[in-house]
Amino acid sequence: MKRTLLRGGTLVTAERSFPADLLIEGETIKDIGSGLLDADAEVIDASGKLLLPGGVDPHTHFDLEMFATVSSDDHYTGHKAAAFGGTTTVIDFVPQMDGSLADSIAAWHAKADPKAAVDWGFHMNITRLDEDVLAEIPSLPDLGITTLKTFMAYNGRLRLNDGEIFQVMQVAKANGMLTMLHAENGDVIDILTAAALAAGHTAPIWHARTRPAWGGMEAVLRGAALAAQADAPLYVVHMNSAGEADQLAYAREHGAPVMGETCPQYLLFNEEHLQQEDGAKWVCSPPMRTAADNAALWQAVSDDVFQTIGTDHCAFFYEGATPIDYEGQSVAIPGKELGADDFSKIPNGLPMVGDRLPVLWTFGVGQGRLTPEQFVAYTSTNPARIFGLYPRKGALQPGSDADIVIWDSDKEVTYGREHSQQRTDYNLFEGWQLKGFPEKVFLRGRVLVDREEWLGAAGQGRFLERGPGEVL
């Protein structure tokens, strides 16, 4: 069995950092200690570098149909981009299709299984509820799925009413599962969108103006209240405003079992970007808010108000009629130009899965907003704990999968699309100066990324059957 010894690095966990050697045997971590020796191991010098657990991104959307197109990253290209950014585990969402939940899951496996390049799991969207669906939910853990996503927005497509969300919470609690929530006010959004279009407001900024921050704030508290009444855990996805962070803190202080996720885009971008000539690049749901929200969200991250930082990665082309080269092939997929004359038709989503760790290290750890230990907690350990993967994932300890990033905290990169590897024609951080970047990325002991070289392959990723997670 192959053994690899990483010598002389500094291990960074969610609790502490310390100098140590790390021995990999096969797919797992065999030993951690000082002065480890193994005559048969390949030795990699990690002196001056950090050893981090591979990132766990709890929120991705690959190969997702939306409007008249499909997201541009599939379960190979998105996974490859994740690996280049230091993420070795992703959790994607299964849309609820016609038929049974099991049919929907099987359809998503057919997309993912032959292409997966990192390890992955599934969340199950519940966007239509009846007695048959309620009866089937308890069988999902047998399929490795222990999380259910619900929506308070997208009327007529994805939204459940509050009573239905409450029922999902009840059945999830009874079966050791976790409910997730997209918290916006779908009724207000529909009314404001219709009014804006009727008035001739079609520019990307109106995507944000028709989805007010107050709608997200009240939806977060409404979701927390439902969770408290159901005595069931709730995980609120992609929280984007100061007010939402306030509501999360309030709910947790009052005993509601609620956890929250934010994303890099809400820390680093705001409505001013939507008002640029290429503002469609920044259209996602929920939208960016204000510079004041950016600052307040950074403070909430520093203060551990949130539990995770995911990406909500859902990439689209900006100019989908113009091909790009991807691995020697010409690729063009309709994208955000579909909404050139109507903001409501711009595909909602951003490329982010490969960017998350380098930008959070640069602007979080590098600017004193995060400690290295918080960085690991937010991007790896906490998601693994919440979503039933710890300590197999998100940990550097004997017996854990050898998902390891050798991190060069001194490496400076002029960042952009070519570095990120995401299969789209733009990157939100084009030309930004980043400091801190992966040098080598291991998945279960195998090197996927060696500096600029891709050593992975489609189909090598492993589906993760998840058990119950923790409420942090």
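Everything below is about the structure printed above this text.
Quick caveat, the model's predicted, so the values are computed rather than measured.

Q: Is there a simple way to think about the environment of arginine 385 in this case?
A: Along the chain, arginine 385 falls in helix α13 (residues 372-386). On the basis of relative accessibility, which here comes to 26%, the residue arginine 385 falls in the partly exposed class. Here the alpha-carbon distance between arginine 385 and leucine 472, two residues 87 residues apart in the chain, equals 8.2 Å. With residues near it in sequence (within four places) discarded, arginine 385 still touches Tyr390, Gly469, Glu470 and Leu472.

Q: Looking at this model, I keep getting lost on the pattern of salt bridges. Mind explaining?
A: As a working rule, side chains carrying opposite charge can pair if their charged atoms are close by. All chains considered together, the criterion is met by 28 salt bridges. Note that lysine 2 and glutamate 42 form a salt bridge whose closest N and O atoms lie 3.6 Å from each other. A residue pair is termed long-range when its members are at least 10 positions apart, and lysine 2 in the segment before β1 (3-12) and glutamate 42 in strand β4 (residues 42-45) qualify at 40 residues. Residue lysine 2 is classed as exposed on the basis of its relative accessible area of 54%. Take glutamate 42: its relative accessible area is 40%, and that puts it in the partly exposed class. For arginine 222, the salt bridge identified is with aspartate 162, shortest N-O distance 2.8 Å. With a gap of 60 residues between them, arginine 222 in helix α7 (residues 213-230) and aspartate 162 in helix α4 (residues 162-174) connect regions that are remote in the sequence. On the accessibility criterion, aspartate 162 (25% relative accessible area) is partly exposed.

Q: Even after reading the chapter, I still don't get the sheet that holds strand β9 (residues 87-94), so can you show me in this structure?
A: Backbone-to-backbone hydrogen bonds join strands into a sheet, with any given pair of strands oriented parallel or antiparallel. The sheet built from eight strands is open, its strands ordered β6-β9-β10-β11-β12-β13-β14-β15 with parallel pairing. Of all the strands in the sheet, the pair left with one neighbour each is β6 (55-60) and β15 (308-309). Across four bridges, β6 lies against β9 in parallel orientation. Each bridged residue has a counterpart across the sheet, and for aspartate 57 the counterpart in β9 is valine 90.

Q: Sorry if this is basic, but what is going on with the packing of α4 against α7 here?
A: Helices that pack against each other are described as a pair by the angle of their axes relative to one another and the distance between those axes. With their axes 9 Å apart at the nearest point, α4 and α7 run at an angle of 45° to one another. Between α4 and α7, the angle falls in the class oblique. At the point where α4 passes α7, the crossing takes the right-handed sense. The segment α4 lies against α7, with Asp162, Ile165, Phe166, Met169 and Gln170 engaging Arg222, Gly223, Leu226, Ala227, Gln229 and Ala230. Looking at the contact of α4 with α7 residue by residue, the classes come out as six nonpolar, three polar and two charged.

Q: Explanation requested: helix α8 (residues 242-253) in the structure shown.
A: For an α-helix, the turn length of 3.6 residues means that residues three or four places apart are oriented alike. A rise of 1.5 Å per residue sets the reference length of α8, with its 12 residues, at 16 Å; its end C-alpha atoms lie 17 Å apart and thus fit the reference within 8%. For α8, every residue scored as buried is listed here: Ala242, Gly243, Glu244, Ala245, Gln247, Leu248 and Ala251. For α8, the elements touching its buried residues are α7, β14 (258-262) and α11 (291-302).

Q: For this particular structure, what's the right way to read the pairing of strand β12 (residues 178-182)?
A: Regular strands place their side chains on alternate faces of the sheet. Burial runs high along β12: five of the five residues are buried. Residue alternation in β12 divides its side chains into two sets, Leu178, Met180 and His182 and Thr179 and Leu181, and both sets are buried. The pairing of strand β11 (residues 147-151) with β12 spans five bridges and is parallel. Note that in β12 the partner of lysine 149 across the bridge is methionine 180. Tracing the backbone out of β11, into α4 and back to the parallel element β12 gives a crossover that is right-handed. Examined bridge by bridge, β12 and strand β13 (residues 234-236) share three bridges and lie parallel to one another. Bridged to threonine 179 within β13 is leucine 234.

Q: Mind showing me how you'd approach the side chain of lysine 49 here?
A: Inspection of the secondary structure puts lysine 49 in the loop between β4 and β5 (50-53). Beyond its immediate chain neighbours, meaning those up to four positions away, lysine 49 contacts Gly9, Thr10, Ile406, Trp407, Asp408 and Glu439.

Q: Sorry if this is basic, but what is going on with the nonpolar core here?
A: When a protein is soluble and globular, its nonpolar side chains tend to lie buried together. Counting 110 residues, the largest nonpolar core has Phe122, Met124, Ile126, Leu148, Val258 and Phe306 as the members making the most contacts within it. Setting aside residues up to four positions removed in sequence, phenylalanine 306 forms contacts with Met239, Ala245, Leu248, Gly260, Glu261, Thr262, Leu297, Ala300, Val301 and Tyr378. One finds Phe18, Leu396, Ala402 and Ile404 within the second-largest nonpolar core, a separate group that totals 15 residues.

Q: How should I be thinking about the environment of phenylalanine 151 in this particular structure?
A: Its place among the elements puts phenylalanine 151 in strand β11. Classification of phenylalanine 151 by relative accessible area gives buried; the value is 5%. Considered as a pair, phenylalanine 151 and histidine 75 are 76 residues apart in the sequence and their alpha carbons are 24 Å apart. Aside from chain neighbours lying at most four places away, what touches phenylalanine 151 is Asn125, Thr127, Leu158, Arg159, Leu160, Ile165 and His182.

Q: What is the right way to look at the pairing of strand β19 (residues 433-443) in this model?
A: Summarising burial for β19: nine of the 11 residues are buried, a large majority. For strand β18 (residues 404-414) and β19, the ladder comprises eight bridges, and the chain directions are antiparallel. Bridge pairing in β19 places isoleucine 404 opposite phenylalanine 442. Note: β19 against strand β20 (residues 446-450), four bridges, orientation antiparallel. Within β20, the residue paired with phenylalanine 442 across the bridge is valine 447. In this antiparallel pair of consecutive strands, β19 and β20, the connection spans two residues, and arginine 444 shows a positive phi of 45°.

Conventions used here
- Residues numbered from 1 in each chain as written.
- Predicted model: local features only at pLDDT ≥ 70, side-chain atom pairs only at ≥ 80, totals over all residues.
- Heavy atoms only, no water.
- Helix = DSSP H or I, 4+ residues; strand = E, 2+ residues; numbered from the N terminus.
- Buried < 20%, exposed > 50% of the residue type's maximum accessible area, 1.4 Å probe, protein only.
- Contact = heavy atoms within 4.5 Å.
- Salt bridge = Lys/Arg side-chain N within 4 Å of Asp/Glu carboxyl O.
- Pairing = 2+ DSSP bridges.
- Axes fitted to C-alpha atoms, helices over the stretch in contact; angles between N-to-C directions.
- Parallel < 35°, antiparallel > 145°, perpendicular 65-115°, else oblique.
- Left-handed = near helix turned anticlockwise from the far one by under 90°.
- Nonpolar A, V, L, I, M, F, W, Y, C, P; charged D, E, K, R; others polar.
- Expected span 1.5 Å × (residues − 1).
- Right-handed = clockwise from strand over helix to strand, strands pointing away.
- Core = buried A, V, L, I, M, F, W, Y, C linked by side-chain atoms within 4.5 Å.

These results come straight from atomic positions and should not be treated as a statement about function.
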